[in-house]
Amino acid sequence: MTDFEPTIIAFVCNWCTYTAADLAGTSRLSYPQNVRLIRVMCTGMVDPQYVIKAFLEGADGVLVSGCHPGDCHYINGNFKARRRIKLLKEILPQFGFEPERLRLTWIGASDGIRFAEIMRELSAQIRSLGPGGAKLNMVI
Amino acid sequence: MAKTAQIDVKAQDIPGSLRGFLRSVLESGDIRAILVPLHLPMKNTVMPALVSDPERLKDADPLAPAFPMNTAKVVSRLTHKPSGGKIAAVLRPCEIRAFVELVKLKQGKTDEIVIIGADCPGAYGNRDYLRFVAENGTESTMKFYRDSLSGKDSEKLSSACKSCEFPVPEGADLLIGLLGSDTEKQVMIQALTPKGEELFGKLGLSESAEPPGRKAAVESLIARRKAYRDKMFAETAQSVDSIGKLTAYLADCVNCYNCRVACPVCYCKECVFVTDVFDHDPSQYLKWAERKGAVKMPADTLFYHITRLAHMSTACVGCGQCSNACPNDIRLAELFRTVAYRTQKAFDYEAGRSLEEAPPLSVFREAEFAEIEGIK
Ligand code: SF4
Ligand code: SF4
Ligand code: FES
């Protein structure tokens, strides 16, 4: 399992975490290539089905990341996102997905450094969890 | 104190006395029609029907173990716009609870409806009911009802009913109480809401006390159901606790989506699974097949079920109509109830409990669930 490279899908909001990712890039901070960013306008538009789809298509980890509470550009999208992640954390583990594979973070627009750190840490965590169930089984 | 009365049962004919009672409701002046399970004249099958002619109530059979659909959907259709008159609906507890969820989703209104609910002895799956009624003819409801009073649930009862801890229709306006009554002689009528009291007043019933044995009878039935439920939860959880096992559990699914159509709380006017959102390009399927070696078609079976769980499990009332609708006997009710029990607990919510509690995914608090934030 030493050469296992996890795939991590990160849904990041345009106004905060994506901006932070951009900043990390322009500041030439390196972060693992395992993380595939999907830019959404707000974490509040991440329907649980996108997260489920990502896992079933073989993602080893999924991150949803947006503005800090109080900073959402659509006022409360991130609070709604938090409930949806809570919901998924009740459902997915019943089917054997480790809860650590699904993460929710708040990374502000100016937090380029934190963005890179979190991506490194997340990627290390998922790597040590090993491949997700959907990679090892035929999913119908 | 809720207003309570007893109505007499003549010649041990419980369905007959309930028909008489419903007739008095329809003739009380205020109610233009009653929605009630009715034996259809052309075949001995039971379907909900909106009855305005008191004579037609001779075929009403609210205790038949038939449950062809969750009537909450019908009630939603009858109430989402003003109808210009009051109706009464005789509903099972899980139908009332589903209706409560639909009202909260603005797909139904309570203004023009009086809900009558009886203590629920449960129901069979469609196929079992049709067989049962063919074997037992007109006596079938009485036979079912006597057996269910004997203190153990019939084997044939659907597992949703065997595991249902809500046999008492607490959300009804008017309750028909069977538990704890000597139903060969008397049945209890109780008004649970102001609307129920108003109707109660028009029926000219004389008030009396609740049967002394009722509380204990209710408790013992609930305890029996909960014991079955908890065993079912444990077995189901165990049989889906990995993605490999979940795929085996759902392997016979053909993505017909009957379960969704039958679900009273799958609330979307247009389900995402009938739109083209996940109707991928043919070339995409080919790519998947090449990457994975084989893809089961139609694809996205697990995706469909888990998404549905995410969308509606906080509103799941456990009526079991998903299992009833499945052509391939997939044990959906067990799966959905098991998961829903946990999702509802997580938000301290119980589907159908109250019109006042907002659906958990429609609201939030600023300070909550801090434990799921961050990556530690
Ligand atoms: S599965 Fe989801 S999208 Fe489809 S009807 Fe149910 S709630 Fe709506
Ligand atoms: S009714 Fe049965 S076969 Fe049809 S989609 Fe639901 S589980 Fe699959
Ligand atoms: S805009 Fe960033 S979370 Fe809503």
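Just so it is clear, the structure is predicted and the values come from calculations on it, not from any experiment.

1. With respect to the confidence of the model for chain B
A low pLDDT means the predicted coordinates there should not be read in detail.
Then, number 1: The predicted model of chain B averages 93 in pLDDT, with 99% of residues at 70 or higher.
Then, number 2: Both scores are given for the predicted complex: the pTM is 0.94, the ipTM 0.96.

2. A few points about the environment of Ile 96 of chain B
Residue and element names in this part refer to chain B.
Then, number 1: For Ile 96, the location among the structural elements is in helix H3 (residues 93–104).
Then, number 2: Under the relative-accessibility criterion, Ile 96 is labelled buried at 2%.
Then, number 3: Counting along the chain gives 24 residues from Ile 96 to Ala 72, while the straight-line C-alpha distance between them is 6.6 Å.
Then, number 4: The contacts of Ile 96, once residues within four sequence positions are left out, are Leu 91, Ile 115, Gly 117, Pro 169, Gly 171 and Ala 172.

3. Overview of the pattern of salt bridges
Residues and elements named next belong to chain A.
Then, number 1: In total, this model carries 35 salt bridges over all chains according to the counting rule given.
Then, number 2: Among the ionic pairs, Arg 127 bridges to Glu 5, the shortest N-O distance being 2.7 Å. Here the residue Arg 127 occupies a position in helix H4 (residues 112–129), and Glu 5 occupies one in the segment before strand E1 (8–13), the gap between them amounting to 122 residues.
Then, number 3: Exposure remark for Glu 5: the relative accessible area of 48% places this residue in the partly exposed category.

4. Observations concerning helix H1 (residues 14–26) of chain B
Then, number 1: For H1 of chain B, with 13 residues, the first-to-last C-alpha span of 18 Å sits near the 18 Å given by 1.5 Å per residue.
Then, number 2: The backbone nitrogen of Gly 16 of chain B has a side-chain oxygen 2.9 Å away, supplied by the residue at the start of H1 of chain B, namely Asp 13 of chain B.

5. Observations concerning the interface of chain A and chain B
A common way to express how large an interface is: the accessible area buried when the components associate.
Then, number 1: Contact residues are listed per partner, giving 39 residues for chain A and 51 residues for chain B.
Then, number 2: Overall, the association of chain A and chain B removes approximately 4,100 Å² of surface from exposure, summing both partners, and the carbon and sulfur fraction of that is 66%.
Then, number 3: Of all residues in chain A, the largest losses of buried area upon contact with chain B belong to Arg 83, Phe 95 and Ile 140 of chain A, amounting jointly to 23% of the total for that side.
Then, number 4: For the pair chain A and chain B, the interface holds 7 salt bridges.
Then, number 5: Inspection of the chain A/chain B interface yields 19 residue pairs in polar contact (both at pLDDT 80 or more).
Then, number 6: When residues in the side of chain A that touches chain B are grouped by element, the largest group, 11 residues, is from helix H3 (residues 77–91) of chain A.
Then, number 7: Grouping the amino acids of the side of chain A that touches chain B by side-chain chemistry returns 19 nonpolar, 8 polar and 12 charged.

Conventions and cut-offs
Along each chain, residue indices are assigned from 1 in the same order as the chain's sequence is written. Starting at A for chains and at 1 for ligands, labels are handed out in the order in which the entities are written. For this predicted model, a pLDDT threshold of at least 70 governs which residues receive local features, and a threshold of 80 or more governs which side-chain atom pairs are given and counted, while totals over whole chains, interfaces and linings are taken from all residues. Remark: hydrogens and water are excluded; side-chain values derive from all non-hydrogen atoms of the structure. Think of pLDDT as the predictor's per-residue confidence, scored from 0 to 100. Put simply, DSSP marks the helices as runs of H or I at least four residues long and the strands as runs of E at least two long, and each gets a number from the N terminus on. Note on classification: 1.4 Å probe, protein chains only; a residue is buried when its accessible area is under 20% of the maximum for its type, exposed when over 50%, partly exposed between these limits. Contact criterion: two residues are considered in contact whenever any of their non-hydrogen atoms come within 4.5 Å of each other. Salt-bridge detection follows one rule: a side-chain nitrogen of Lys or Arg within 4 Å of a carboxyl oxygen of Asp or Glu. Here, expected helix span is obtained from the residue count minus one, scaled by 1.5 Å. Definition of a polar contact: a pair of N or O atoms within 3.5 Å, with one able to donate and the other able to accept a hydrogen when the atoms are protein atoms, and with sequence-neighbouring residues admitted only if both atoms are side-chain atoms. Here the quantity called buried area is the accessible surface, traced with a 1.4 Å probe, that two parts lose on coming together, added over both. Any residue that is not Ala, Val, Leu, Ile, Met, Phe, Trp, Tyr, Cys, Pro, Asp, Glu, Lys or Arg is counted as polar, Gly included; the first ten are nonpolar and the last four charged.

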